[in-house]
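Below, each chain spelled out in residue letters.
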Amino acid sequence: MFDYNELIGINEKNWNYQYVLEKLTPFTTPERLEKIKRVIEGRTKNIGVLMERVCDMGNMAAVIRSMENLGFQKLDIIESEKIKLSSRVTNGAHKWVERRKWDNVVNCMEKLKAQGHQIVATSLQVDSVPMTQIDFTKPTVVCFGNEKDGVSQELLKYTDINCTIPTVGFSQSFNISVAAAILLSYIKLQREEKLGKQGDLSEREKEILKAHYLIKSCKNPERYFQ
């Protein structure tokens, strides 16, 4: 889904997104269709989130909920162990966010760099700058690290900018879920101020995402594709 492929897989079969829309739209309430439309209008593909080896399931779930509520569509996860997300811990938010998992830093970062992303890490480095000095109108991936050690030195080799969230207390850092909520909220506000909106999907991408959301909104959608 990261590439907005026109073919959507359902039960090992691929269906064109337009066919999915044709089949499922008549069985979706007007209220649901309006909500899906509103949500998609606020979605950005140009700002992604990366979580590196986050250990606490509650933290990961909280970040995903913040992402979903603020319109961030894409999540890369570098993991050291299998993490299974569920509606119980994310309040269903993980269903609406595109997730891609990696087992190592190098493959993930080289892919993101090749796609032309500005890589920004939240890290207390000597060269770190306040988040307010960064231009988030550019395609960007924001990286959050492990609860104990933060972003790894291996990942920092790939960053373009390291940033901090300004504080006025004795503590210099926030819990990862709080840091993500603050930074993502700031990014959304900056983009709305500079671009006039948060959302940046093309009309074709909106329709493809709508097809995915209709599938996720429907119980046993495969019954409509016989």
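For the structure itself, look to the data block above.
Here is a short report on the structure shown in this document. Keep in mind the model is a prediction, meaning the values are calculated, not measured.

## Focus on the overall build of the protein
Tallying secondary structure elements over the protein gives eight helices and nine strands in all. For a compact globule of 226 residues, the expected C-alpha radius of gyration is about 17 Å, and the protein comes in at 18 Å, within 12% of that figure. Counting only residues that meet the buried cut, the protein has 48% of its 226 residues in that class. Taking the contacts inside the protein whose residues are at least 6 apart along the sequence as the reference set, 78% of them involve residues at least 24 apart. Accessible area of the protein: about 12000 Å², with a carbon and sulfur share of 48%.

## Some words on the pattern of salt bridges
Following the criterion strictly, the structure yields ten salt bridges and no others. Glu52 serves as the salt-bridge partner of Arg53, at 3.5 Å between the closest nitrogen and oxygen. You can call Arg53 partly exposed: its relative accessible area is 26%. The buried category is assigned to Glu52, whose relative accessible area is 2%. Two residues, Glu203 and Lys206, come together in a salt bridge whose shortest N-O distance is 3.2 Å. Highlighted residues: Glu203 and Lys206, both in helix H8 (residues 203-217), separated by three residues, approximately one helical turn. Here the residues in one salt-bridge network are Glu41, Glu203 and Lys206, joined through shared partners.

## Considerations on the side chain of Asp76
Along the chain, Asp76 turns up in strand E4 (residues 72-78). Among the polar contacts listed, one links the side chain of Asp76 to the side chain of Arg100, at a separation of 2.8 Å.

Cut-offs applied
- Residues numbered from 1 in each chain as written.
- Predicted model: local features only at pLDDT ≥ 70, side-chain atom pairs only at ≥ 80, totals over all residues.
- Heavy atoms only, no water.
- Helix = DSSP H or I, 4+ residues; strand = E, 2+ residues; numbered from the N terminus.
- Rg over C-alpha atoms; globule rule 2.2 N^0.38 Å.
- Buried < 20%, exposed > 50% of the residue type's maximum accessible area, 1.4 Å probe, protein only.
- Contact = heavy atoms within 4.5 Å.
- Areas by Shrake-Rupley, 256 points an atom, 1.4 Å probe, with all protein chains shown as cover.
- Salt bridge = Lys/Arg side-chain N within 4 Å of Asp/Glu carboxyl O.
- Polar contact = N/O pair within 3.5 Å; in protein donor to acceptor, adjacent residues only side chain to side chain.

Everything listed here is a matter of geometry and, on its own, says nothing about what the molecule does.
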